[in-house]
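What the coordinates show
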Amino acid sequence: MDITEVILHQHMEQRRMFAMLDEVDRDDTRTLAAIWRRLEILLETHAEAEERFFYPHLLKLGTGEADADSVEEEVEDAVKDHNKIRDGIREAAKHRVGAKVWWEAVAKARLENDDHMAEEERQDLADFRLHAPLGLRHDIAVEFLRFESEKAAEGITPRDKDPEDYVERNS
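It should be emphasised that the depicted structure is a prediction, and the values quoted were computed from it without experimental measurement.

Quick look at unusual backbone geometry now. Its identity is not glycine, yet A66 carries a phi of approximately 60 degrees, on the positive side. By the element assignment, A66 lies in the loop between α2 (29–61) and α3 (71–93).

Any empty space left between atoms is shown by rolling a water-sized probe over those atoms. As enumerated under the stated definition, the model contains two cavities of 30 Å³ or more in all. Of the voids in this model, the largest cavity is the one considered here, and its volume is about 90 Å³. In terms of lining residues, the largest cavity is bounded by 13 residues, among which L43, A47, H82, I85 and N113 are the most central. Broken down by element, the lining of the largest cavity gets its largest block of residues, five residues, from α2.

So, about the environment of H131. Residue placement: H131 occurs in helix α5 (residues 124–131). Residue H131 is classed as partly exposed on the basis of its relative accessible area of 33%. The sequence separation of H131 and M1 amounts to 130 residues, and the corresponding C-alpha distance is 17 Å. Look past the residues within four positions of H131 in its chain and what remains in contact with it is L61, G62 and T63. Within the structure, H131 has its side chain in polar contact with the backbone oxygen of D127 (distance 2.9 Å).

All right, on to the pattern of salt bridges then. The full count for this structure, using the stated rule, is 18 salt bridges. Here R38 ties to E13 by a salt bridge, and the two come within 3.3 Å at their closest N and O atoms. Of the two residues, R38 is situated in helix α2 and E13 in helix α1 (residues 3–23); the sequence distance between them amounts to 25 residues. You can call R38 partly exposed: its relative accessible area is 48%. Overall, the relative accessible area of 17% leaves E13 in the buried class. Between R90 and D87 there is a salt bridge whose closest N-O contact spans 3.0 Å. Note that R90 and D87 are positioned in helix α3 at a spacing of three residues, about one turn of the helix. You can call R90 partly exposed: its relative accessible area is 32%.

How each quantity is defined
- Residues numbered from 1 in each chain as written.
- Predicted model: local features only at pLDDT ≥ 70, side-chain atom pairs only at ≥ 80, totals over all residues.
- Heavy atoms only, no water.
- Helix = DSSP H or I, 4+ residues; strand = E, 2+ residues; numbered from the N terminus.
- 1 Å grid on protein atoms, 1.4 Å probe; cavity = no way out; pocket = protein on both sides within 12 Å on 5 of 7 lines; lining within 4 Å.
- Points joined across faces, edges and corners; volume = space filled by probe spheres on them.
- Buried < 20%, exposed > 50% of the residue type's maximum accessible area, 1.4 Å probe, protein only.
- Contact = heavy atoms within 4.5 Å.
- Polar contact = N/O pair within 3.5 Å; in protein donor to acceptor, adjacent residues only side chain to side chain.
- Salt bridge = Lys/Arg side-chain N within 4 Å of Asp/Glu carboxyl O.

If you want it as structure tokens, here you go:
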């Protein structure tokens, strides 16, 4: 088990669940609500697990990969992205499932998530593969999956984080 593979797998699941929303009849708000709730939980438990277990180790071992200026820039940007995804989720919660404004909020969350995943796969995951030993990657994956599994049934309350403060506290 490798945390970089776990994260990649979950990114594919997130893409698949957004695609499921595309496939559901727009009038079937019960199904849309159920899929969206499951996706909300996945997005937040994934983000929180990355922030608790993956990014602190990346800050200690990474150097900045691909188009990132530094590992600190990678992580600050990732936490900002998580906050933007949370904004989209919170906006969707203000509206009736299936309404035009609900779809706009879902699209905002999706766009932010798509951008985040692409950048994370190009920078953070590549950086970690280059600098973290396999044993550590395994240990982080175990912690990450335990946390998500414990929280996935009910979800967790999304809480934005100050990206610069986050990096300072975890470096």
